[in-house]
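Observations on the model geometry
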Amino acid sequence: MTTDAQGNAITAASDAAVAAYDHVIDGYLRYRADAGQRLKALTTLDGEMPMARVLQGAFVMLAYNAAMVPRARDAAAAAARLAGTERERVHAAALHHWTEGEMDAALGAWESIMAAHPRDIVAFRLHHFCAFWLGRAGQMLRAVDAAAPHWSAAVPGYGSILACRCFANEEAGNYTVAEEAGRAAVALDPADLWASHGVAHIMEMQGRRAEGIAWLKGLEPHWDGGANLMHHLWWHRAMYHLERGEHDEVLALYDRGFRNLDSPLTQAMPDLYIDVQNAASMLFRLSRHGVDVGDRWVELADKAETRIGDCLSTFTLPHWMMALAATGRFQAAARMLDAMREAARGPGTVAPILRESAIPVCEAVLAHARGDHAGAVAAMRPALGVMHRMGGSHAQQDVLEQLFLDAAIKAGAEEDARMLLERVAGRHPVAPERRVGYAQAARSVRH
């Protein structure tokens, strides 16, 4: 028995195996594209390490691909069998709950680990990730506030705590605290993609578009070897350009950056949930502004058809639906809704989110594409207050609010349009009149 870089007792065959484990953790925290290869090297060195099995399963689950979940279940079972400490046993249990879709149980297990071991960075980061994709900014913030006093710059991984403090506070609307933490993390490591991302969110929310472009362009030289989060950073930069009406730059960033079909990252995981969200949401926004996006929807729709029935990532579902609807694949869209309704009858944390949020929003996406704008408004109206439970940041959820607003305007539903404009005005620091997706409606709807 020895300890990892954060001082947690760990079951391992050798000091070399512990060093290899720490190398995997560093790659995971810093979003390095070779994190999976680092994990393979670790399991080759020590195939019986319980935390290596936990990471195997977690890395699978992080992809939000239902076809891969059996591999994660096997990893959870192996981790439970090999666990040499109570902390490792709870990690195995948390992973098992995650594979079964019991997210409250998983989050609770990670919270129990953090309470006893506040420097367990794996429990912290998995909790942060899963709480975010359930729309639980408060839970993210409570976790980072509880953990932070136990950390310092002397502990490896401290930058990740700062980065998560940045993002959790940004999503909670605490922009000053968030920016201080994010900039401190980037000062420690200019290649910290999650911290760079958190500050980009602040600038998005505060309408600091020129500053946001400069922030990301200045950090881009440090991104070599990064994973798919780089794509999301390029998406954020494109969002700033979209607000400035620079559509050619947006399309260039789409084709050469966040949806570059020739890049090794995209080819390795061509239908990764976050990449699909980036692409579909941007195409939808561009189409709203009359920009010809060519045949860019087609490859997304092709992939959407192969993922019908996979409801793990509820926030991705409206994006798949956007692709099917934009390409007129209405039969496939109907099959997708049927599969979602079937999944919504099942157990687990996701079922009510499907029923109350994802299905109504997907019905609205489809109705909007078919020109049934009143139907889209009627379907989506009850979901507006709960659709944050699908996950996604304020910047990401914005595309759904734009969908509802567009449908309301086209349906002549002025009261619904007014309600949506009041909603975004209350939740976003920048007035609708200064946001490109809302300005025209804000001018036309009677206050």
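Here is a short report on the structure shown in this document. A quick note: this is a predicted structure, and the numbers were derived from the prediction, not measured. The residue numbering used here restarts from 1 in each chain and proceeds along that chain's sequence as written. Confidence filtering applies because this is a predicted model: local features only for residues at pLDDT of at least 70, side-chain atom pairs given and counted only at 80 or more, and all residues used for totals across whole chains, interfaces and linings. Remark: hydrogens and water are excluded; side-chain values derive from all non-hydrogen atoms of the structure.

Considering the overall build of the chain
The condition that has to hold: Here a strand is any run of E in DSSP of at least two residues, a helix any run of H or I of at least four, and the numbering for each starts at the N terminus. We compute the radius of gyration over the C-alpha atoms and compare it with the globule rule, which gives 2.2 Å times the number of residues raised to the power 0.38. Type-normalised accessible area, obtained with a 1.4 Å probe on protein chains alone, sets the label of each residue: buried when under 20%, exposed when over 50%, and partly exposed for intermediate values. Throughout, a residue-residue contact means that at least one pair of heavy atoms, one from each residue, lies within 4.5 Å. Note on areas: these come from Shrake-Rupley sampling with a 1.4 Å probe, and a residue is covered only by the protein chains present in the view. For the charge count, each Lys or Arg is scored as positive and each Asp or Glu as negative, with His and the chain ends excluded. Charge positions are represented by NZ for Lys, CZ for Arg, CG for Asp and CD for Glu.
Secondary structure summary: the chain contains 24 helices and two strands in total. The C-alpha atoms of the chain give 22 Å as radius of gyration, which agrees with the globular expectation for 447 residues (22 Å, within 12%). Principal-axis analysis of the C-alpha atoms gives the chain an extent of 70 × 45 × 40 Å. For the chain, with 447 residues in total, the buried portion stands at 60%. Considering only intrachain contacts with a sequence separation of at least 6, the fraction spanning at least 24 residues in the chain is 65%. For the chain, the accessible area works out to roughly 16700 Å², and carbon and sulfur atoms hold 52% of it. Mean positive and mean negative side-chain charge positions of the chain (44 and 53 charges, respectively) differ by 2 Å.

Some thoughts on the environment of Val350
Its location among the elements puts Val350 in helix α20 (residues 350–369). Between the C-alpha atom of Val350 and that of Glu102, which follows or precedes it by 248 residues, the distance is 8.3 Å. Residue contacts for Val350: discarding those within four places in its chain leaves Gly101, Cys311, Leu312 and Thr314.

Examining the packing of aromatic side chains
What counts, and what does not: Between 30 and 60 degrees the pair is tilted, below 30 it is stacked and above 60 it is edge-to-face, where a pair is any two Phe, Tyr or Trp rings, Trp via its six-membered ring, whose centres lie within 6.5 Å.
Counted by the stated rule, this structure contains 12 aromatic pairs. Ring centres 5.5 Å apart and planes at 85° place the aromatic pair Trp98 and Trp110 in the edge-to-face group. Here the residue Trp98 occupies a position in helix α5 (residues 86–99), and Trp110 occupies one in helix α6 (residues 103–116), the gap between them amounting to 12 residues. Among the residues examined, Trp98 registers a relative accessible area of 4% and is labelled buried.

Looking at the nonpolar core
Stated precisely, the cut-off is as follows: The definition of a nonpolar core used throughout is a set of buried Ala, Val, Leu, Ile, Met, Phe, Trp, Tyr and Cys residues joined through side-chain atoms within 4.5 Å.
Within the largest apolar cluster, 166 residues are counted, with the highest numbers of intra-cluster contacts made by Trp98, Trp110 and Met340. With 10 residues, α20 is the largest single contributor of residues to this core. Look past the residues within four positions of Trp110 in its chain and what remains in contact with it is His91, Ala94, Trp98, Ala123, Leu126, His127 and Cys130.

A few points about the packing of helix α3 (residues 50–61) against α5
Angle between the axes and distance between the axes are the two parameters that describe a pair of packed helices. Counted only if it meets this: Between N-to-C directions, angles span 0 to 180 degrees; the directions come from axes that are lines fitted to C-alpha atoms, helices contributing only their stretch in contact. An angle below 35 degrees is treated as roughly parallel, one above 145 as roughly antiparallel, one from 65 to 115 as roughly perpendicular, and anything else as oblique. In this scheme the crossing of two helices becomes right-handed for a clockwise turn of the near helix relative to the far one and left-handed for an anticlockwise turn of less than a right angle. The residue classification treats Ala, Val, Leu, Ile, Met, Phe, Trp, Tyr, Cys and Pro as nonpolar and Asp, Glu, Lys and Arg as charged. All others, Gly included, are polar.
At their nearest, the axes of α3 and α5 sit 10 Å apart, and the two run at 20° to each other. When the axes of α3 and α5 are compared, the pair comes out roughly parallel. In this structure, α3 crosses over α5, and the sense of that crossing is left-handed. Contacts between α3 and α5 involve Pro50, Met51, Arg53, Val54, Gly57, Ala58 and Met61 from the first element and Arg87, Glu88, His91, Ala92, Leu95, Trp98 and Thr99 from the second. For the contact of α3 with α5, the class distribution of residues is eight nonpolar, three polar and three charged.

What about the environment of Phe132?
Structurally, the position occupied by Phe132 is in helix α7 (residues 121–132). By relative accessible area, which is 7% here, Phe132 ends up buried. A sequence separation of 261 residues divides Phe132 from Ser393, and the C-alpha atoms of the two residues are 7.9 Å apart. Not counting residues within four places of it along the chain, the set of residues in contact with Phe132 comprises Met140, Phe167, Glu171, Gly391, Gly392, Ser393 and Gln396.

Side note on the pattern of salt bridges
How we decide: The salt bridge definition used is simple: a Lys or Arg side-chain nitrogen within 4 Å of an Asp or Glu carboxyl oxygen.
Here the structure, examined in full by the defined rule, presents 38 salt bridges. For Lys410, the salt bridge identified is with Asp406, shortest N-O distance 2.9 Å. Residue Lys410 and its partner Asp406 are located together in helix α22 (residues 394–411), separated by four residues, close to a single helical turn. The closest approach of N and O atoms between Arg418 and Glu414, which form a salt bridge, is 2.9 Å. Taken together, the residues Arg418 and Glu414, both in helix α23 (residues 414–427) and four residues apart, mark about one turn of the helix. Judged by relative accessible area, Arg418 falls into the buried class, the value being 12%. A network of salt bridges, in which partner residues are shared, links Asp26, Arg30, Asp34, Arg38 and Asp189.

Re helix α12 (residues 209–219)
To be explicit about the condition: Starting at the helix axis, one direction is taken to each C-beta atom, and the arc is that of these directions.
Listing the buried residues of α12 in full gives Arg209, Gly212, Ile213, Trp215, Leu216 and Leu219. For α12, the buried positions fall inside an angular range of 160° around the axis, keeping them on one side. Looking at the buried positions of α12, the neighbouring elements they touch are α10 (175–188), α11 (193–205) and α13 (229–243).

The values are spatial; any link to function lies outside them.
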